[in-house]
Structures are given as C-alpha cells and as structure tokens.
Amino acid sequence: MSKVHRWGMILAFIVIVVCAWVGIRTIFVEDTNATVPAVTGMQLVDAVDALQKQGLLAKVDKVDSPLKADTVVSQNLQAGEKISSGKVIILRVSKGGSIMPMPDVSGLKFEDGVKRLNEAGFKVDKVVRVTDKTVPANTIMAQNPAAPQQVAANCMVSLLVSSGVTGSGSFVTVPDLGGQDEAGAAQLLEQSGLTLGASSDVASASAPEGTVVSTKPRYGAKVPAGTAVSITLASKPAGQTEPAAMTPGTEGQDQSSDNAEPVRKVVVKDTEPSATPKPAKPKSEDVKPAQPKTAETPKAAQPAKTEQPAKTEQPSAAKKMAKVRYQVPPLTKPMSLKIEMTDGSGTRVLKDSTVNGSEYISMNVNYAGEAKITIYLGGDFVWQDRYN
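Per chain, residues are indexed from 1 in the order of the written sequence. Note on the predicted model: pLDDT of at least 70 is required for a residue's local features to be given, and 80 or more for side-chain atom pairs to be given and counted; whole-chain, interface and lining totals, by contrast, use all residues. With hydrogens and water set aside, each side-chain value is computed from the structure's full complement of heavy atoms.

### Section: the overall build of the chain
Note the cut-off: Each helix is a run of H or I in the DSSP string that is no shorter than four residues. Each strand is a run of E no shorter than two, and both are numbered from the N terminus. Only protein chains enter the area calculation, which uses a 1.4 Å probe; residues under 20% of their type maximum are buried, those over 50% are exposed, and those in between are partly exposed. Using a 1.4 Å probe, the Shrake-Rupley method yields the accessible areas, and only the shown protein chains count as cover for residues.
Helix and strand counts for the chain come out as seven helices and 21 strands. Out of the 388 residues belonging to the chain, those deemed buried represent 30%. Split by element, the accessible area of the chain, about 23,200 Å² in all, is 56% carbon and sulfur.

This is the structure we're talking about:
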C-alpha cells in the first residue's frame, strides 16, 4: 500500500505541474499561430474570407474615400505580422458614393475661392485668419482637404486666410447678405472676417419676412477686418396683415423658418474647441470679489496692491492648452505627417510619423503666450492654426 500511495503522490504532482504550465502559457504567453494577410485594396467580402482562413475576425469602419464602395482602404495591423488566432483586425472600408476632385483655391482672394468651391459642389466649414507679412490680406494661404485629390461630395472645406501685416488693419469686402436670415448673415460675416452689428426691421412686400434687405456698410464695400456690419430685416407691411389673401402666406412663413433651420445647424460656433471662453466667465466674476480685497490691502500696505495681480495672472497663463485636431485626407498610400508648435518657449515637434488616409489626429498640448501649430503632410505645408 505504501508503494501505491507513493506512486499516486508522484502522479498527482506531475498532473499539477502540467496544469500549471498550461495555465501560465495560456494567460501570459501568446500563441502566434496566425499570420495577418494583406487585404488592403481588396473587396470587403474577399478580405473577410482571407482573415477567416487565418482564424482571424474583422471589424469594419466605413470612411470617405475615392475608392469604390466596399473597398478596403487600410488595416490596423500590417500584413505578415504574427498574432494569435481569434484576434480582431480593424478594416477601414470605403463608403463609395459620389467622389469629386477638390479644386485648388490657394492663392485666390477669399471671395473668389469660396465661389469656386461652391461651384464645384463644396461648402466652406471653417475659416482661420492669421497675420502674415508675406501674403496679401484676404488671400487664401492653404486649404484642408488640399488639392489635388478626390474626396467625398459632402466634404466640408477649411480655409487659412491671410489678414495681412496687421490683422485688424487689413481690408475685406462686405459679402452679399441679401435673402439670408440673421443666423445665415452672421455665418457669412464671420467667414469674411467681419462681425454682426445691430439689426433693425423695415416693412417690405417684396422680400420674405426675416430676411436681409440691406446692410450698412453696403455689399461690396471695402472695410477693415473685424468691422461690425448692421443689417436690416424685412417685416410684414402693416396694411397687409388683415386681408384674407395673406392667410396662405403663413405657409410660406413656415417654409422659410424650416429653411432657416438647416442654416442654423450649419453655424457651429465651437469650430475651434474653445477652452478660453469658459474660463473667461470666472475671471470676470472673480474681479468683483477681488475689488474689496484690493480696497483692504492699501490700509495695511500699498505695495501689496501691485503683487496680488501678478500672482493671479501667472496661474491663468499656465492653464493655456491648445486642442489640436486634424483629419488626414483620403490617401492612396501612407504619407509622413509632421506637426510643429511654436510658442513663447520656442519650436518643438508634436508628432512626426507615417499616417494612413482618413486617420484622425487628436492631442492636447500646453503652451505659453501665443502659439502657432503648423501641419506638414508628405513634406508639404497643408494647415496652420493660431492660439492666443
């Protein structure tokens, strides 16, 4: 019995060791028995079939691309990489649809560039104006997406426009606001580097109610950038509100208000992630309680009055943060992307790597004083943002 008992203990020990080895291998050691196939450029059905043959799974991410629908634009793991079976491979697949060539508007006047983009079927989403000594005022310096390339028909275009040597001293042309409602007028003025001033009403039987009939300064006038433009909106003539013939006009009013809704949706005020306006409120509120303190400090010692503002300004400067967001345009092959920042502390590289088409870059970066973010794609300058 003692010999049987001894052999039983030995077998039990061997079983425990084997089970422990299998468990450790399963948890900590990856079994690289599958090879990632090259599926970029293949149709989605064929790509999924190729992955399944290697024991891999596929996750599909639809993106805008000049390639025809259901074509694999890129894959998150490189072909030939050894991984374990059952892993998920992310495939970026083209949405297809209408693909159009992006016109080149760099070097054109802002109004001419917007007109050319509109004629090509594109809309301007964001306009960034920067001071530049070498480029004449109101000239388009860069665009995103850049030309030439094939992009989706519904692609929104951002423009980088020069404000000349002194940003506020450059002159721009008052755009045509006729027929726009107040929200649409505000958007066009903002894109042109102007602001919306006072609004007034005037009775008009020819123009739809709530639309712009005149501006001050007038359309086509050359005014300094940042000028406030006053608008006059059409209202119902007082004598035409009672006749029954005007009753169907309420349907036209509903339609005009319905048409105004998409315009209001397009006016996205937070085109630039606004980290500054939010702290601006507490700053204005903090000034009120700070006044009694400054009134009390002179009683004790007047020099302390000059020291307190310096202490309150330093933390606010340290909290400046630039939110960098960039969408890589659709590419036929990976390209180099370089993002540089220049601020009070000097110039530094934020990102220098190779990216694929439609890749989204997002990062938050601290800066001091004023900052300039410059983006190069494939070695070419494509975009620039300024942060104050």
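There's plenty left to go through after this.
### Regarding the pattern of salt bridges
For clarity, the threshold we go by: Just to be clear on terms, a salt bridge is a Lys or Arg side-chain nitrogen sitting within 4 Å of an Asp or Glu carboxyl oxygen.
For the coordinates displayed, the defined rule picks out six salt bridges. One salt bridge in this structure joins Asp49 and Lys53, with 3.7 Å as the shortest N-O distance. A residue pair is termed a helical-turn pair when its members lie 3 or 4 positions apart in one helix, as Asp49 and Lys53 do in helix α2 (residues 44–53) at four residues. Owing to a relative accessible area of 38%, Asp49 belongs among the partly exposed residues under this scheme. Between Asp70 and Lys62 there is a salt bridge; the shortest N-O distance is 2.7 Å. Exposure remark for Asp70: the relative accessible area of 32% places this residue in the partly exposed category. For Lys62, a relative accessible area of 40% translates into the label partly exposed.

### Comments concerning the pairing of strand β10 (residues 156–162)
Each regular strand shows side chains that alternate between the opposite faces of the sheet. Inclusion rule: Only when DSSP finds a minimum of two bridges between them are two strands counted as paired.
Of all seven residues that make up β10, six are buried, and the element is covered over most of its length. In this structure, strand β8 (residues 140–144) lies alongside β10, joined through four bridges in antiparallel fashion. Residue Asn144 lies in a different strand from β10, and its bridge partner there is Ser158.

### Observations regarding a nonpolar patch on the surface
Our working rule: Only residues whose relative accessible area exceeds 30% and that form no salt bridge enter a patch; like-charged residues are grouped when within 9 Å of one another, and nonpolar side chains (Val, Leu, Ile, Met, Phe, Trp, Tyr) when within 5 Å.
A contiguous nonpolar patch, built from Trp7, Ile10, Leu11, Phe13, Ile14, Val17, Val18, Trp21 and Val22 and spanning about 920 Å² of accessible area, is present on the exposed surface. If you trace the backbone, Ile14 turns up in helix α1 (residues 2–28). Of the residues examined, Ile14 reaches a relative accessible area of 45% and is grouped as partly exposed.

### What to know about unusual backbone geometry
Residues Asn144 and Pro145 are joined by a peptide bond in cis, for which omega reads 5°. For Pro145, the location among the structural elements is in the loop between β8 and β9 (150–152). Here the residue pair Lys216 and Pro217 is connected by a cis peptide bond, since its omega of 0° sits within 30 degrees of zero. Along the polypeptide, Pro217 turns up in the loop between β13 (212–216) and β14 (222–224). Its identity as a non-glycine residue notwithstanding, Asp70 has a phi of 65°, on the positive side.

### Observations regarding the sheet that holds strand β15 (residues 228–235)
What counts, and what does not: Fitting a line to C-alpha atoms yields each axis, with helices limited to the stretch in contact; the angle taken between N-to-C directions then spans 0 to 180 degrees.
Pairing in this open sheet of three strands is mixed, and the strands run β12-β15-β13 from one edge to the other. With partners counted over all chains shown, the strands left at the sheet margins are β12 (195–203) and β13, one partner each. Strand-to-strand twist of the sheet, defined as the mean angle between neighbouring strand axes without regard to direction, takes the value 25°. Pairing of β13 with β15, which is carried by four bridges, proceeds in the antiparallel orientation. Within the sheet, the bridge partner assigned to Lys216 lies in β15 and is Ser230.

### Remarks on the environment of Lys126
Relative to the helices and strands, Lys126 is located in strand β7 (residues 123–130). You can call Lys126 buried: its relative accessible area is 15%. Sequence-wise, Lys126 and Leu160 are 34 residues apart; in three dimensions their C-alpha atoms are separated by 8.6 Å.

### Here we look at the sheet that holds strand β5 (residues 88–94)
Selection rule: Should any heavy atoms of two residues lie within 4.5 Å, those residues are counted as being in contact.
On the basis of which strands lie adjacent, the open sheet formed by three strands has the order β2-β5-β3 and mixed pairing. Only two strands of the sheet have a single neighbouring strand rather than two, namely β2 (57–63) and β3 (72–75). On average, each strand axis in the sheet is tilted by 30° relative to the strand beside it, whichever way the strands run. Set on the sheet, α2 makes contact with β2, β3 and β5; between it and β5 the angle comes to about 170°.

### Side note on helix α3 (residues 110–119)
Counted only if it meets this: To obtain the arc, one takes the directions from the helix axis to the C-beta atoms.
Regarding α3, the residues found buried are Phe110, Gly113, Val114 and Leu117. Buried residues of α3, seen end-on, are gathered within an arc of 95° and therefore sit on one face of the element. Turned more than 90 degrees away from the buried face of α3, the exposed residues are Lys115 and Glu119. The inward-facing, buried residues of α3 abut β7, β8, β10 and α4 (182–191). Of the residues one or two after α3, Gly121 is the one with positive phi, at around 95°.

### Concerning the side chain of Ser74
Its place among the elements puts Ser74 in strand β3. Ignoring sequence-local partners within four residues, the contact set of Ser74 consists of Thr40, Ile90, Leu91, Arg92 and Asn356.

### Focus on the confidence of the model for the chain
Selection criterion: pLDDT expresses, on a scale from 0 to 100, how confident the predictor is about each individual residue.
Confidence in the prediction for the chain averages 76 pLDDT; 74% of positions are at 70 or higher. Between the elements of the chain, mean pLDDT differs from a low of 40, seen in helix α5 (residues 249–266), to a high of 92, seen in α2. Note on residues 242–317: pLDDT under 50 across the span, and 30 contacts to partners over four residues away in sequence or across chains.

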